[in-house]
Amino acid sequence: MLAFYAGMEFRRTTTHWSTEQKREWILRRLHFSLRRAYRETDFYRERFDHIGFDPFTDFSFADFARLPALEKDDLFQAGKTILSKAIPKEKLLHDSTGGSTGKPVEIWLGAEEQGWRESAGERFQEQIGAPAGTRTALLWGHHLDPVKRDSLRDRFIAFLNHQRWFDCFRLAQDTLEKYHLEFQRWQPELIIAYAAPLGALAEWVAEHHLKPNYPEIGFVTGAEKLLPHHRAIIESVFRRPVHERYGSRDVGYIGYQLNPQQSTSFALDWANLLIEPESTETVSSILITKLHADGMPMIRYRIGDLGHFPVASAPGNPSFTLNEIIGRETDRIWLRSGRWISGSQIPHMMKDAAVQEYQLVQQADYSIHLSIVPKREFNEAISSRIQSTLGLNLEGLPIDIVVVDHIERTKANKFRPVISHVKPLEQIAS
């Protein structure tokens, strides 16, 4: 709780800091974090010594950029050597990712990191006008499965916080109707939701020509990428802003859209995380360094996502905004030439195609398998048009289209519209 309140107070008092003030503070905090990691973990002592990096010098951001990226495989191999020896393991909180792209990453959090990451979410909601105590509906999965984890304690905490949980993992037409009627009666001020289930609710309301009187403040989406067509229908039906939230279980809250009606760029939580591009390219892999990781330091961690960074962003240097979260690194469609197309481009190609949901899977041989959940007006002519449009953009890659009843979710019940199993040419070369 002390760390939580420290995080809240720091973020409130630094709201109007200049970029230079933020950079100076982050560099000081980076010195502290890397020195602590060296003193308290075997993993970083060996890693820094091996590459000849001395964290006790007054290193610069450019010096910091020369450190190797921390890969998920490094975490698997490091085991307990990456945990702080200053905190007994029984006092660390254990967590793990959903494992949607492979083996789950295990994370151990100390009290300091817990407080700073929780205060990030609280501060964000303050900034959009939904502070603690706001009547909130969560169209979510409770610890991945709300049915399996619904204790008396969980219910009591939700009651105190004016929160109610609505399972987004088991949706059907009658479920959407039930949720709509409950929302109409209960009048949540804020709805926090998985993006695809919220889009499904908006589509159901639109199809039944209803006029919802909720929520009063707006929506926050997370857990999965908010696709353009979902944003469009949610805003059209409910007439409220949709704030996309970007984060992950391994690093916590990363960024937020504070005013999506003016800009859909993400304000980054620089007080807790140093977010940087891996390269000088506009679209780059995202690397993250935790600035308050007392239990398990993570330095230049490759989170597995691609971001559209502002102009002049550079490796090792903190970014304070992201223009867009492109998606998972595996969400790129690779062409035989070595070029690639972002998965975020597919919704534009599918625009007005009478498609409810789709999933494009690229096999290791570059071929494309497109599964489509159709709307009623979908027909063979539309299917042919989709195939033609994709063919023109994907340089003649083989494309197979199949109509299905539903799209399978990941182990964490997230919707991934684009998945590629192609191994990039640079990885093969290395």
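Computed from a prediction, not measured in an experiment: that's the story for all the values here.

**Thoughts on the environment of Ala196**
The residue Ala196 is located in helix H9 (residues 195-207) in this model. Sequence separation of Ala196 and Gly222 is 26 residues, and the distance between their C-alpha atoms is 9.8 Å. Beyond its immediate stretch of four places on either side in the chain, Ala196 contacts Glu224, His230, Glu357, Arg409 and Phe415.

**A short note on empty space enclosed by the protein**
Applying the stated criterion to the full structure yields one cavity of 30 Å³ or more. Estimated volume of the largest cavity: approximately 80 Å³. Here the lining of the largest cavity takes four residues from helix H2 (residues 19-40), the largest share from any one element. Here the lining of the largest cavity is built from residues that sort into six nonpolar, two polar and four charged.

**Remarks on the packing of H9 against helix H10 (residues 228-238)**
Packing of H9 against H10 brings their axes to within 9 Å, and their N-to-C directions diverge by 45 degrees. Judged by the inter-axis angle, H9 sits oblique to H10. The crossing of H9 and H10 is left-handed. On H10, the residues that touch Ala195, Ala196, Leu198, Gly199, Leu201, Ala202, Glu203, Val205 and Ala206 of H9 are His230, Ile233, Ile234, Val237 and Phe238. Residue composition of the contact of H9 with H10, grouped by class: 11 nonpolar, two polar and one charged.

**So, the sheet that holds strand S11 (residues 283-290)**
Read from one edge to the other, the open sheet built from four strands follows the order S10-S11-S12-S14, with strand pairing classed as antiparallel. Each having just a single partner strand, strand S10 (273-277) and strand S14 (324-328) make up the two edges of the open sheet. The sheet shows a mean angle of 40 degrees between the axes of neighbouring strands, taken without regard to direction. As paired strands, S11 and strand S12 (residues 301-308) are joined by five bridges and run antiparallel to one another.

**Brief notes about unusual backbone geometry**
Each neighbour pair has its own omega, and for Tyr214 with Pro215 the value is -15 degrees, a cis peptide bond. Structurally, Pro215 is set in the loop between H9 and strand S6 (218-222). With a phi angle near 50 degrees, Glu395 is a residue other than glycine that sits in the positive phi range. Relative to the helices and strands, Glu395 is located in the loop between helix H12 (380-393) and strand S19 (399-403).

**What to know about the pattern of salt bridges**
Charged atoms that come close allow side chains of opposite charge to pair. The full count for this structure, using the stated rule, is 19 salt bridges. Salt-bridge contacts for Lys290 lead to Glu113; the nearest nitrogen and oxygen are separated by 2.7 Å. Of this pair, Lys290 sits in strand S11 while Glu113 sits in helix H6 (residues 111-127), and the two are 177 residues apart along the sequence. We classify Glu113 as buried; its relative accessible area is 2%. Here Arg164 ties to Glu182 by a salt bridge, and the two come within 2.7 Å at their closest N and O atoms. Here the residue Arg164 occupies a position in strand S4 (residues 163-167), and Glu182 occupies one in helix H8 (residues 173-186), the gap between them amounting to 18 residues. Using a relative accessible area of 31% as the deciding quantity, one classes Arg164 as partly exposed. Shared partners join several salt bridges into a network, and the residues in it are Arg12, Arg123 and Glu126.

**Focus: H6**
Taking 1.5 Å as the rise per residue, H6 with 17 residues should run 24 Å; its terminal C-alpha atoms sit 24 Å apart, in good agreement. A positive backbone phi angle near 85 degrees is found at Gly129, which sits one or two residues after H6.

**Considering the nonpolar core**
With 49 residues, the main nonpolar core has Leu34 and Ile254 as its most contacted residues. The element best represented in this core is H2, accounting for six residues. Setting aside its immediate chain neighbours within four residues, Ile254 contacts Tyr246, Gly247, Ser248, Ala267, Leu268, Asp269, Leu273, Ile275, Ile288 and Ile303.

**Some words on the packing of aromatic side chains**
Summed over the entire model, instances satisfying the criterion amount to 24 aromatic pairs. Note on Trp25 and Trp270: the rings are 5.8 Å apart at their centroids and 80 degrees apart in plane angle, and the pair reads as edge-to-face. Taken together, the residues Trp25 in helix H2 and Trp270 in the loop between strand S9 (266-268) and S10 connect sequence positions 245 residues apart. Note on accessibility: Trp25 and Trp270 belong to one class, buried. Put simply, the rings of Tyr38, Phe43, Tyr44, Phe48, Phe53, Phe56 and Phe59 touch in pairs and so form one group of aromatic residues. The ring of Trp186 carries the charged tip of Arg164 above its face, separated from the ring centre by 5.1 Å.

**Observations regarding the sheet that holds strand S3 (residues 136-140)**
Spatial strand order, S4-S3-S5-S6-S7-S8-S9-S13: eight strands in an open sheet with mixed pairing. Where the open sheet ends on each side, the last strands, each with one partner, are S4 and strand S13 (321-322). Where S6 and strand S7 (residues 242-248) come together, three bridges link them in parallel fashion. Bridge pairing links Val220 to His243 in S7. Along the sheet, H8 makes contact with S3, S4 and strand S5 (190-194), crossing S4 at roughly 170 degrees. Relative to the sheet, H10 contacts S6 and S7, its axis offset from that of S7 by approximately 140 degrees.

**Description of H10**
Every buried residue of H10 is accounted for by His230, Arg231, Ile234, Val237 and Phe238. Projected down its long axis, H10 shows its buried positions confined to an angular sector of 145 degrees, all on one face. Those residues of H10 hidden inside the fold are in contact with H9, S6 and S7. Of the residues one or two after H10, Arg239 is the one with positive phi, at around 55 degrees.

Parameters and conventions
Residues numbered from 1 in each chain as written. Predicted model: local features only at pLDDT ≥ 70, side-chain atom pairs only at ≥ 80, totals over all residues. Heavy atoms only, no water. Helix = DSSP H or I, 4+ residues; strand = E, 2+ residues; numbered from the N terminus. Contact = heavy atoms within 4.5 Å. 1 Å grid on protein atoms, 1.4 Å probe; cavity = no way out; pocket = protein on both sides within 12 Å on 5 of 7 lines; lining within 4 Å. Points joined across faces, edges and corners; volume = space filled by probe spheres on them. Nonpolar A, V, L, I, M, F, W, Y, C, P; charged D, E, K, R; others polar. Axes fitted to C-alpha atoms, helices over the stretch in contact; angles between N-to-C directions. Parallel < 35°, antiparallel > 145°, perpendicular 65-115°, else oblique. Left-handed = near helix turned anticlockwise from the far one by under 90°. Pairing = 2+ DSSP bridges. Salt bridge = Lys/Arg side-chain N within 4 Å of Asp/Glu carboxyl O. Buried < 20%, exposed > 50% of the residue type's maximum accessible area, 1.4 Å probe, protein only. Expected span 1.5 Å × (residues − 1). Core = buried A, V, L, I, M, F, W, Y, C linked by side-chain atoms within 4.5 Å. Phe/Tyr/Trp six-rings, centres within 6.5 Å; stacked < 30°, edge-to-face > 60°. Lys NZ or Arg CZ within 6 Å of the ring centre and 35° of its normal. Arc of directions from axis to C-beta.

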